[in-house]
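Structure assessment
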Amino acid sequence: MASPDPTTLFKKGSAVEISSDDEGFRGAWYSGTVIRPAPSRAKDKRVLVEYETLTADEAGKKRLRETLDWVQLRPPPPPETRRRGFKFSEEVDAYHNDGWWEGVVTEVLEGGRYTVFFRGTREQMEFEGSELRVHREWKDGNWVPPLEGEEKVGPQKVSTVDKLKPSKETVKAKYTKGMLVEVSSDEDGFQGAWFAATIIEQQKEDKFLIEYKSLRNDDDTEFLREEADAMHIRPYPPATSVVECFNLHEEVDALYNDGWWFCKEVLEKIVGIAEPQDLGDDVS
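In short, a report on the structure. This is a predicted model, so every value here is computed, not measured.

1. Observations concerning the overall build of the protein chain
Counting its secondary structure elements, the protein chain contains three helices and 21 strands. Looking at the protein chain as a whole, 33% of its 284 residues qualify as buried. In the protein chain, 46% of the contacts between residues at least 6 apart in sequence involve partners at least 24 apart. Counting only carbon and sulfur atoms, one obtains 49% of the accessible surface of the protein chain, whose full area is about 18,200 Å².

Below is the structure:
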């Protein structure tokens, strides 16, 4: 299915959500309005937008305006039909610092609160349920996953409203022995990557002994085991269907050297500019 024409989707005055490639803003979506749409016949589909929550001056009186490529825009997600609960390991967007940030629920707390881990910053924070929403991607003119109650079976729409309420078991959900997870590292050469591992045991309140699924010890006699902080552990991502192609500027993780790397780190490692002495004596 072809992507919608940005000249019809992002008209003057249209409400949008805006993403940014600037350092410190990746992974967030901000509310805004189209001020000047892209010309209908121009090859450069750049759109002038005004942010709703970000300002251009220290006094906070002048809203920030930017001219961005249309691939950095999407319509605002439709509001949920009801207030719902969230589950352990569920992907969510959390409202923080004036924008919606992609994260994953790592703990369901009492009183309708949740702990959310942010992959990009490796931070973990607590939020009220009202500050979270289901994480959805805008692909080819549709929201993925679709809104509850709008999944289609044949030509008809069927209701799939689930009454999700945190159970006692969910509230107490932790990283348990034998659980498959992904682990990140701050060591040089491994920053930006996530490696599959298994929880061996909990050693302290926030420390776990883990065994990697692909990394081996120095003697190559067994899989590497080490202690990992809970801040460097996340639930193993659910299985996904095969994707035939990706969109321009779409953020992805790439499998490289036995781990999943955020695309920026992979590009720096694979296509980075090497010094002449790094290329051997045959370089002229």
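2. Notes on the pairing of strand β3 (residues 46-55)
In terms of strand pairing, strand β2 (residues 28-36) meets β3 through four bridges, oriented antiparallel. For Arg36, the partnering residue across the bridge sits in β3 and is Leu48. Two strands pair when backbone bridges link them, and β3 and strand β4 (residues 63-69) are joined in this way by six bridges, in the antiparallel orientation. Bridge pairing in β4 places Val47 opposite Leu68.

3. Description of unusual backbone geometry
Trans is the common state for peptide bonds, and a negative phi is the common state for residues other than glycine. For the bond from Val144 to Pro145, the omega torsion is -5 degrees, close enough to zero to count as cis. Position of Pro145 among the secondary structure elements: in the loop between β12 (142-144) and β13 (152-153). Despite not being glycine, Ser89 shows a phi value in the positive range, around 80 degrees. Along the chain, Ser89 turns up in the loop between β5 (73-74) and β6 (91-96). At Asp140, a residue that is not glycine, the phi angle is positive and equals roughly 50 degrees.

4. Section: the pattern of salt bridges
As a working rule, side chains carrying opposite charge can pair if their charged atoms are close by. The full count for this structure, using the stated rule, is 12 salt bridges. Here Arg74 and Glu17 are joined by a salt bridge, their closest N and O atoms 3.0 Å apart. In this pair, Arg74 sits in strand β5 while Glu17 sits in strand β1 (residues 15-18), placing the two residues 57 residues apart along the sequence. Grouping residues by exposure puts Arg74 and Glu17 together as buried. Arg225 serves as the salt-bridge partner of Glu211, at 2.8 Å between the closest nitrogen and oxygen. Of this pair, Glu211 sits in strand β17 (residues 207-216) while Arg225 sits in strand β18 (residues 223-229), and the two are 14 residues apart along the sequence. Looking at Glu211, the relative accessible area reads 23%, which means it is partly exposed.

Rules behind the numbers
Residues numbered from 1 in each chain as written. Predicted model: local features only at pLDDT ≥ 70, side-chain atom pairs only at ≥ 80, totals over all residues. Heavy atoms only, no water. Helix = DSSP H or I, 4+ residues; strand = E, 2+ residues; numbered from the N terminus. Buried < 20%, exposed > 50% of the residue type's maximum accessible area, 1.4 Å probe, protein only. Contact = heavy atoms within 4.5 Å. Areas by Shrake-Rupley, 256 points an atom, 1.4 Å probe, with all protein chains shown as cover. Pairing = 2+ DSSP bridges. Salt bridge = Lys/Arg side-chain N within 4 Å of Asp/Glu carboxyl O.

As far as function goes, none of this settles anything; it's purely spatial.
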